[in-house]
Amino acid sequence: MAGLKSIIRLRKHQLDEKRRAVTRLQLMLDNMKREEARAVDELVAEKQHATTDRETAAAFPNYNKRMQDKLKLIVKEEANLKAAIDRAQAELQDAFKELKTIEITDRERARRAAAEEKKKEDQAMDEIGLEGFRRKDK
């Protein structure tokens, strides 16, 4: 049984590591979404400014192309992060299932050991009772 306790402790540690990995990936995705929103807001502001300023209007097409490329890259990175999060969550679920299986096995073993101990104790008590009855009967 001590072996299962060690395995359970190890699996819990691995599960915690997987949880932290999912959290880190989710934070990265949130940061990417904020960066995307900031870039879109900046692009809209520059577009608005380009309608009122000639110099900005002349430079806006190049700026717009760079920002569109940046936005495409951000969207691609977000898709990659979402895929990584899905994989990490699947690994997390598998690790959780393994941990629960081991914990259930450990509880079942402990229950069986306790039942066996109780059975032996009951048999010993029955023997004591029978011996007392026999002595009393003689």
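Read on for a plain summary of the structure. Since the model is a prediction, treat every value here as computed from it, not as a measurement.

### Section: the pattern of salt bridges
And then number 1: Tallying each qualifying case throughout the model produces 13 salt bridges.
And then number 2: Lys-118 is paired through a salt bridge with Asp-122; the nearest N and O atoms lie 3.4 Å apart. With a gap of four residues between them, Lys-118 and Asp-122 both fall in helix α2 (residues 54-137), about one helical turn apart.
And then number 3: A relative accessible area of 33% places Asp-122 in the partly exposed class.
And then number 4: With a closest N to O distance of 3.8 Å, Glu-131 and Arg-134 form a salt bridge. Taken together, the positions of Glu-131 and Arg-134, both in helix α2 and three residues apart, correspond to about one turn of that helix.
And then number 5: Judged by relative accessible area, which is 46%, Arg-134 ranks as partly exposed.
And then number 6: One network of salt bridges, with partners in common, ties together Lys-12, Lys-100 and Glu-103.

The rules behind each value
Residues numbered from 1 in each chain as written. Predicted model: local features only at pLDDT ≥ 70, side-chain atom pairs only at ≥ 80, totals over all residues. Heavy atoms only, no water. Salt bridge = Lys/Arg side-chain N within 4 Å of Asp/Glu carboxyl O. Helix = DSSP H or I, 4+ residues; strand = E, 2+ residues; numbered from the N terminus. Buried < 20%, exposed > 50% of the residue type's maximum accessible area, 1.4 Å probe, protein only.

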